[in-house]
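So you can see what is in the structure, the chains are spelled out below.
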Amino acid sequence: MLDISPRFVEGSEPLYLQLYRYFCTEIQGRRLNSGTRLPPVRALSGFLQVSKTTVESAYHQLMAEGYIESRERSGFYVVDVDWDGPVPVPTGKGQQPAKTTYVQTTPSRPSAVPIQYDFHQARVDAEHFPFDRWRKYTNQCMQEENKHVLYYGDRQGEPQLREELARYLGRARGVQATPEQIVIGAGTQVIISLLGFLFGTRGQAVAMEEPGYHGVRTVFSHLGYDVRPIRLTEDGIDVEALSESGARLVYITPSHQDPSGIVMPYAKRLKLLHWANQTGSYIIEDDYDGEFRYHGKPIPSLQGLDTQGRVIYLGTFSKALLPSIRMSYMVLPQALLAVFQEKLADFDQSASRIHQETLALFMKNGDWERHIRKMRTLYRKKHGVLLRCLQEQLGAYIWVKGQDAGLSVTVEVKSESTPQQLTQFAAASGVRVYPTAHKWIHPQENGLPAFQFGFGGQTIEEIEDGIRLLKRAWEPYLQVEGENKNPIQGIG
């Protein structure tokens, strides 16, 4: 085996990121030459005494950024590249690897240019945030007579916020919840960590959609869970494959599957609930952007259809309000609530008490639902503009999936270039796009390059100009496969 000797620092950042950075440094420093075969996943995980998922996650990130490639039935190899300068590898604690790479994969390309248009799927519209109202309620919380906000709060979250949430979720998403069932946390990954501890970390398995949200997958992996990928069908997770997996816990995004955008229909939801009832399993339903559906009637939450207490409902304020507030929540079934209060009674609340009380006032006075209505109208318009621009500029060369909900659509590109190369071509023209390859545990061998296009954080003019510029960047590398007069479903 190659001399692989990374220095792992416990608690600094996830192990897969440390391993990823180690390989980046070795490749950039020419200590791992082009064409070098990396150790097999199983062998390296045994040698380093880390989980296979840690090694797989590091390799997949390296592939996503163009450092290595996977050869069928052969393994992972350092790509044959010519460097045009050092590649800065992020070193800050907790930073994620950059989404773009400076590896030269073509004989020549333009010098790096500033990014003008960023289609990140999680960006929100900051121009329409109600600063005045939020400031008013924050000031109200911070009056001298409210000294209690300076102390530790309720471990499950502030009672007044949980009361407002229970009322809102019942009205808007059909969720059956009492304030006592709600637990607040500083982001979805914190909530998932709590659930991981609740179910226990010894010998547990969790099923996840393939492809799926890598942020949750990473948390489960680092908690020692055996993450079992379950393929998707045209209407969501394959329930038969889920049943065969043997897992008794599954994480899903049924209202807008990440990254495919599939909206799970009512009949499939009932089938999934039947599986959970028959096997005594639990479903973690992440309704991360369920507030935004642009055509058709909203489908009720899976939890709202559950009569046996098998669904744990997750939600967040990152998409509908602002990501920097770092606030998510879960609704626990009554049976799990008692377990939570027994096992995790000593865990302090992770979300800001001041933000919680501000948000409670924001909801109590009706500003939250007014904001949702305003943003739904705005995002519907941006969503339509993005689809129109994609159709006009790239329609013959792409397939669009997952429109009509959420803050992003997924685009498959008809090209023989890799996702990494297309990402580089776009960045060289000032457009940042985001491939979905890292969301697979087992990447597709022959699939088309796929990207998530977010529209929330850009103006309508930026969406139009960005897609126009992207077409110019990608046009030499696109190809048409037969007749395809209307590749974007739902557009006339």
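Structure first, text after, so check above.
Residues numbered from 1 in each chain as written. Predicted model: local features only at pLDDT ≥ 70, side-chain atom pairs only at ≥ 80, totals over all residues. Heavy atoms only, no water.

**Topic: the overall build of the protein**
Next, step 1: When its secondary structure is counted, the protein shows 15 helices and 16 strands.
Next, step 2: Within the protein, buried positions represent 56% of all 492 residues. (Helix = DSSP H or I, 4+ residues; strand = E, 2+ residues; numbered from the N terminus. Buried < 20%, exposed > 50% of the residue type's maximum accessible area, 1.4 Å probe, protein only.)

**Examining helix 7 (residues 214-222)**
Next, step 1: Counting buried residues along helix 7, 8 of its 9 residues qualify, which places the element largely inside the surrounding structure.
Next, step 2: Listing the buried residues of helix 7 in full gives H214, G215, V216, R217, T218, V219, F220 and S221.
Next, step 3: Backbone geometry just after helix 7 places G224 at a positive phi near 90°.

**Considerations on the sheet that holds strand 4 (residues 182-185)**
Sheet strands line up and pair through hydrogen bonds in the backbone, either parallel or antiparallel.
Next, step 1: Strand order in the open sheet formed by 8 strands is 4-11-10-9-8-5-6-7, and the pairing between neighbours is mixed. Looking along the sheet, the strands with just one partner apiece sit at the ends: strand 4 and strand 7 (236-237).
Next, step 2: Bridge count between strand 4 and strand 11 (residues 328-331): 4 bridges; the pairing is antiparallel. Its bridge partner being in strand 11, I182 is matched across the sheet by V331. (Pairing = 2+ DSSP bridges.)

**With respect to the nonpolar core**
Next, step 1: Counting residues in each nonpolar core, the largest one holds 65 residues, and the members touching the most others are F317, L321, F453 and W474.
Next, step 2: No other element matches helix 13 (residues 367-394), which puts 11 residues into this core.
Next, step 3: Leave out the neighbours within four places in its chain, and W474 touches V413, L422, F425, A426, V433, F451 and F453.
Next, step 4: Ranked by size, the runner-up nonpolar core spans 28 residues in total, among them L194, L249, L314 and L337. (Core = buried A, V, L, I, M, F, W, Y, C linked by side-chain atoms within 4.5 Å. Contact = heavy atoms within 4.5 Å.)

**Examining the environment of H371**
Next, step 1: Positionally, H371 belongs in helix 13.
Next, step 2: Put simply, H371 and A320 are 51 residues apart on the chain and 8.3 Å apart in space, counted from C-alpha to C-alpha.
Next, step 3: Leaving out residues up to four positions away in the same chain, H371 has contacts with H128, F129, P130, A320, L321 and F362.

**With respect to the packing of helix 6 (residues 188-199) against helix 11 (residues 334-343)**
Next, step 1: Two elements in contact, helix 6 and helix 11, have axes whose closest approach is 10 Å; the angle formed by their N-to-C orientations is 90°. If you check the angle between helix 6 and helix 11, you find them roughly perpendicular. Residue-level inspection shows L194, F197, L198 and F199 of helix 6 in contact with helix 11, the latter providing L336, V339, F340 and K343.
Next, step 2: Of the residues contributing to the contact of helix 6 with helix 11, the split by class is 7 nonpolar, no polar and 1 charged. (Axes fitted to C-alpha atoms, helices over the stretch in contact; angles between N-to-C directions. Parallel < 35°, antiparallel > 145°, perpendicular 65-115°, else oblique. Nonpolar A, V, L, I, M, F, W, Y, C, P; charged D, E, K, R; others polar.)

**Observations concerning the environment of R228**
Next, step 1: Along the chain, the position of R228 falls in strand 6 (residues 226-233).
Next, step 2: With residues near it in sequence (within four places) discarded, R228 still touches A205, V206, A207, M208, S245, G246 and A247.

**Looking at a nonpolar patch on the surface**
Next, step 1: The grouping of M142, L150 and Y151 at the surface amounts to a nonpolar patch, some 360 Å² of accessible area in total.
Next, step 2: Locating Y151 in the fold gives a position in the loop between helix 4 (131-141) and helix 5 (159-173).
Next, step 3: Y151 gets classed as exposed once you look at its relative accessible area, which sits at 58%. (Patch = residues over 30% accessible without salt bridge, like charges linked within 9 Å, V, L, I, M, F, W, Y side chains within 5 Å. Areas by Shrake-Rupley, 256 points an atom, 1.4 Å probe, with all protein chains shown as cover. Salt bridge = Lys/Arg side-chain N within 4 Å of Asp/Glu carboxyl O.)

**Quick notes on the pattern of salt bridges**
Where charged atoms from two side chains of opposite charge approach closely, those side chains can pair.
Next, step 1: Inspection of the entire model under this criterion finds 23 salt bridges.
Next, step 2: Between E69 and R71 there is a salt bridge, and its shortest N-O distance comes to 3.1 Å.
Next, step 3: We note a salt bridge from D258 to K439, for which the minimum N-O separation is 2.8 Å. A residue pair is termed long-range when its members are at least 10 positions apart, and D258 in the loop between strand 8 (249-252) and helix 9 (266-279) and K439 in the loop between strand 15 (434-435) and strand 16 (450-454) qualify at 181 residues.

**A short note on the packing of helix 14 (residues 419-428) against helix 15 (residues 460-474)**
Next, step 1: Relative orientation of the contacting elements helix 14 and helix 15 amounts to 120°, with a least axis distance of 9 Å. In terms of axis orientation, helix 14 runs oblique to helix 15. When the axes of helix 14 and helix 15 are compared, the crossing they make is right-handed. Across the interface between the two elements, L422, F425 and A426 from helix 14 touch L470, A473 and W474 from helix 15.
Next, step 2: The residue makeup of the contact of helix 14 with helix 15, split by class, is 6 nonpolar, no polar and no charged. (Left-handed = near helix turned anticlockwise from the far one by under 90°.)

**As for the sheet that holds strand 15**
Next, step 1: Strand order in the open sheet formed by 4 strands is 12-13-16-15, and the pairing between neighbours is antiparallel. Only two strands of the sheet have a single neighbouring strand rather than two, namely strand 12 (398-401) and strand 15.
Next, step 2: Sheet analysis places strand 12 next to strand 13 (residues 408-413), joined by 4 bridges and oriented antiparallel. When the bridges of strand 13 are listed, V400 appears paired with V411.

**Let's talk about the pairing of strand 11**
Next, step 1: Of the two faces of strand 11, the one holding S328 and M330 and the one holding Y329 and V331 are both buried throughout.
Next, step 2: Alignment of strand 10 (residues 311-316) against strand 11, held across 4 bridges, turns out to be antiparallel. Its bridge partner lying in strand 11, Y313 is registered against V331.

**Here's the deal with the side chain of Q356**
Next, step 1: With respect to the helices, strands and loops of the structure, Q356 is situated in helix 12 (residues 353-364).
Next, step 2: A polar contact is formed between the side chain of Q356 and the backbone oxygen of A351, at a distance of 3.2 Å.
Next, step 3: Discounting residues that sit within four places of it in the chain, Q356 has contacts with G157, E158, L161, I184, M327, Q349 and A351. (Polar contact = N/O pair within 3.5 Å; in protein donor to acceptor, adjacent residues only side chain to side chain.)

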